[in-house]
Amino acid sequence: MAKYLISFEKGAMDHFTEEDWPEVGKASNAVEQEAKDAGVFVFAGGLDYVDDDVEAAVVAVDGVVTDGPYPESKELIGGVMIVDVPTREEALKWAAKNAAACRCAQDVRKFMYDQEID
């Protein structure tokens, strides 16, 4: 089995109206529950860029901490789901379910194999 990151960009869901959110949340939660029931769910969550108290930081190799990445950047991840599945095709199927539920495109990336974990 391999772990895959399924994610979408920050702002990908900004086009929703307030009325859309309950339905999108319900659909997203249903996909997460389906993944749990299938035994492939590892983790899912959205990243918080809304609150004023969110503090993003970059830590350099020398330990120096600087502000950023900035929420205004278009290259930030908005939300993620990690699945542990046997094939890329299976990961793409979960990404398609997530895309339909979240009403936005999903990026699919395979984690590098780590024999220490398995």
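Structural data are supplied above this passage.
These figures come from a predicted structure and were not determined experimentally.

If you had to explain the overall build of the protein chain to someone new, which residues and values would you point to?
Along the protein chain, the regular secondary structure elements total 2 helices and 6 strands. Reading the helices (α) and strands (β) of the protein chain from amino to carboxyl end gives β-α-β-β-β-β-α-β. Relative to its 118 residues, the protein chain shows a buried fraction of 25%. Per element, the accessible surface of the protein chain, about 8300 Å² overall, is 53% carbon and sulfur.

If you had to explain the nonpolar core to someone new, which residues and values would you point to?
Grouped together as the largest cluster of nonpolar side chains are 13 residues, with contacts concentrated most on Tyr4, Ile6, Val40, Met81, Val83, Val85 and Trp94. Elements with a minimum of two residues in this core: strand S1 (2-9), helix H1 (21-38), strand S5 (77-85) and helix H2 (88-102). By residue number, the principal contributor to this core is H2, which donates 4 residues. Residues Phe8, Phe16, Val24 and Cys102 belong to the second largest nonpolar core, which totals 6 residues.

I'd like to hear about the pattern of salt bridges, residue by residue, with values.
For the coordinates displayed, the defined rule picks out 5 salt bridges. Close ionic contact of Lys97 with Glu34 constitutes a salt bridge, the shortest N to O distance being 2.4 Å. With a gap of 63 residues between them, Lys97 in helix H2 and Glu34 in helix H1 connect regions that are remote in the sequence. When salt bridges that share partners are traced, they join Asp20, Glu23 and Arg103 into one network.

Residue-level account of the packing of aromatic side chains, with values.
Two aromatic rings are characterised by how far apart their centres lie and by the angle between their planes. Using the criterion set out here, one finds 1 aromatic pair in the structure. Taking NZ or CZ as reference, Lys97 lies 4.4 Å from the ring centre of Trp94, over its face. Sitting over the face of the ring of Phe16, Arg103 holds its NZ or CZ atom 5.7 Å from the ring centroid.

A description of H1 should follow, citing residues and the corresponding values.
Given a rise of 1.5 Å per residue, 18 residues ought to cover 26 Å, and the 26 Å separating the end C-alpha atoms of H1 matches this to within 8%. Burial in H1 covers these residues: Val24, Val31 and Ala35. Around the axis of H1, the buried residues are gathered within 40° of arc, so they sit on the same side. Along H1, exposed side chains directed more than 90 degrees from the buried face belong to Pro22, Glu23, Lys26 and Asp37. Turning to H1, the residues buried within the fold contact strand S2 (41-46), S5 and H2. Positive phi shows up at Gly39, right after H1, with a value of about 80°.

Definitions and cut-offs
- Residues numbered from 1 in each chain as written.
- Predicted model: local features only at pLDDT ≥ 70, side-chain atom pairs only at ≥ 80, totals over all residues.
- Heavy atoms only, no water.
- Helix = DSSP H or I, 4+ residues; strand = E, 2+ residues; numbered from the N terminus.
- Buried < 20%, exposed > 50% of the residue type's maximum accessible area, 1.4 Å probe, protein only.
- Areas by Shrake-Rupley, 256 points an atom, 1.4 Å probe, with all protein chains shown as cover.
- Core = buried A, V, L, I, M, F, W, Y, C linked by side-chain atoms within 4.5 Å.
- Salt bridge = Lys/Arg side-chain N within 4 Å of Asp/Glu carboxyl O.
- Phe/Tyr/Trp six-rings, centres within 6.5 Å; stacked < 30°, edge-to-face > 60°.
- Lys NZ or Arg CZ within 6 Å of the ring centre and 35° of its normal.
- Expected span 1.5 Å × (residues − 1).
- Arc of directions from axis to C-beta.
- Contact = heavy atoms within 4.5 Å.

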